[in-house]
Every structure is written in structure tokens, then in C-alpha cells.
Amino acid sequence: MLRVFWCVLLRDLTLALRRRTDVLTTLFFFIIVVSLFPLGVGTERQILQILGPGVVWVAALLASMLALERLFAADYEDGTLEQMVLTAQPLSLLVLAKITAHWLLTGLPLVLIAPLVGMQYHLSDDAILIMMVALLLGTPVLSLIGAIGAALTLGLRGGGILLSLLILPLYIPVLVYGAGAVTASGIDMADTRPYLALLGAFLVAALTFAPLASSAALKISIE
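Residues numbered from 1 in each chain as written. Predicted model: local features only at pLDDT ≥ 70, side-chain atom pairs only at ≥ 80, totals over all residues. Heavy atoms only, no water.

K.L.:
In this structure, what is going on with the overall build of the protein chain? I would like to understand it.
P.N.:
Each helix and strand in the protein chain was counted, giving 10 helices and zero strands. Sequence-ordered secondary structure for the protein chain, helices as α and strands as β, is α-α-α-α-α-α-α-α-α-α. Against the 2.2 N^0.38 benchmark of 17 Å for 223 residues, the protein chain shows a C-alpha radius of gyration of 18 Å, consistent with a compact globule. Counting only C-alpha atoms, the protein chain reaches 55 × 30 × 30 Å along its principal axes. Here the contacts in the protein chain between residues at least 6 apart in sequence split such that 80% fall between residues at least 24 apart. When the accessible surface of the protein chain is split by element, carbon and sulfur atoms take 69% of a total near 11,500 Å². Averaged over its 11 positive side-chain charges, the protein chain has a centre that lies 8 Å from the centre of its 13 negative ones. (Helix = DSSP H or I, 4+ residues; strand = E, 2+ residues; numbered from the N terminus. Rg over C-alpha atoms; globule rule 2.2 N^0.38 Å. Contact = heavy atoms within 4.5 Å. Areas by Shrake-Rupley, 256 points an atom, 1.4 Å probe, with all protein chains shown as cover. Lys, Arg positive; Asp, Glu negative; His and termini not counted. Charge placed at Lys NZ, Arg CZ, Asp CG, Glu CD.)

K.L.:
Explain the UniProt feature "transmembrane region" (unreviewed entry) in the protein chain to me, please; I cannot follow it from the model alone.
P.N.:
Here, UniProt's "transmembrane region" (unreviewed entry) annotation points to residues 21-41, 47-72, 93-116, 128-154, 161-183 and 195-218. Secondary structure content for residues 128-154 is 93% helix and 0% strand, while the C-alpha to C-alpha distance between its ends is 37 Å. Helix makes up 100% of residues 195-218 and strand makes up 0%, while its end C-alpha atoms are separated by 33 Å. (UniProt positions renumbered as here; feature names shortened; annotations may be inferred.)

K.L.:
Would you explain the side chain of Ser143 in this entry?
P.N.:
When you line up the elements, Ser143 lands in helix α8 (residues 125-152). For Ser143, a relative accessible area of 1% gives the class buried. With sequence-adjacent residues up to four places away left out, Ser143 is seen in contact with Ser64, Leu68, Ile99, His102, Trp103 and Thr106. (Buried < 20%, exposed > 50% of the residue type's maximum accessible area, 1.4 Å probe, protein only.)

K.L.:
What is the right way to look at helix α7 (residues 108-120) in this model?
P.N.:
Look at α7: 19 Å from first C-alpha to last across 13 residues, which is about the 18 Å you get at 1.5 Å a residue. The sharpest bend along α7 reaches about 45° and sits at Ala114, with the proline Pro115 one to four residues further on. Where α7 terminates, the next one or two residues include His122, which has phi positive at roughly 60°. (Expected span 1.5 Å × (residues − 1). Bend = angle between axes of the 7 residues up to and from the residue.)

Take a look at the structure:
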């Protein structure tokens, strides 16, 4: 089963790297969004420190959504998805491999670029570190939850709009606690561990249930 997981993961990564514009679009979108806010609200240090955590998380959320509609679309169009459903391997394992590839291409680059964004918003070193940890815990949850919406809207006309309506309410807890962790790190005597613990709990719950829910939704969409 682990061999099948790696096979699907490497396949999706290889296909994505052949279409580098799709991968770079997400990263450039994130950079543009977080760079526009200082131009709009001014360059005052205190204001940027207050707005920074929320802006970064909203930008990460929207950037993650850009590639969700294509998560299963290509495999659905060429018939690969039907073959995955018919294989003896658990569909949830194959779905998890595809979600992992999606996160490696859209979520991990956001974590790595976070220090540069933090410097732009004059965040302290501790705040930048907490932001990276929070993004590392939170962005996989965005991919896992988004996969459920992508599976439910697969093949539907106007599926992108419906996908946004389905998953944006589910993203709110991750947004609140992710931004809250970074904000709390800039307050004296504030403890960020509860925020990070909740993000970790969200990740465990999403890893447990999201692949199963996505695989069930895919079977319904294919039928």
C-alpha cells in the first residue's frame, strides 16, 4: 500500500512540474496579495504588525483554493479516476496521495516563503517562527478539506463557485486559530500553545476523515 501511495504521489508531482505555470500561479498570487495590503493601508509599522497575521492567512487560504478545482479534474477527464476506483487498493489511500501532492505544490512553498512575508510586515523573529509552524499545521488542513469540496463538485458546470461556497465556511476555524497564534506571539506573556494544539487537532481529524469523505464523494460524482 505504501508503494502505491508513493507511485501516485510521484506521478502527480511529475505531471504538475510539467505544467510549472500552474504551480507558480499559486505562489505568485500569494506574494501579490500580501504585497498589496501595505500599499493600501500604509507603511506604519504598528498597523502592519496588527494586520500581518490575518492578511497572510487569508492569502494562504485563497492561494490554496486556486488549484483545488484541478485536483481531480484531469484524472476525471482522461478516465484515470475510474481506474483508481476499480483498483483493489483503497481509494482513500490514493486520494490521500493526491492531496499530499497538492499540499507539496501549493502549501509547502507558502511555509518556506513565510519569513520574507513576515519581514515585510515587521513581525518579530518569534512571530515569524510561530507563523511558519502554524502554516505547516494549517495548510495541510486546507488541502484536506478542499479535497472534499473538489470531489463533490467534480464534473459540475460552475463547480469553482460552488466549491468556494462549500469549503470557505469550513476554513474559518483554521483561519481564526492560525492568525490568532501569530498575533498571540507578539503579545507579552501570551501562550501560543493552545492555538497550535488546536491546529494540530484539526490536522489529525482532517487526516482521519477527509480522505474517506473525499473517496465517497468521488464515487458519487463518477456514478
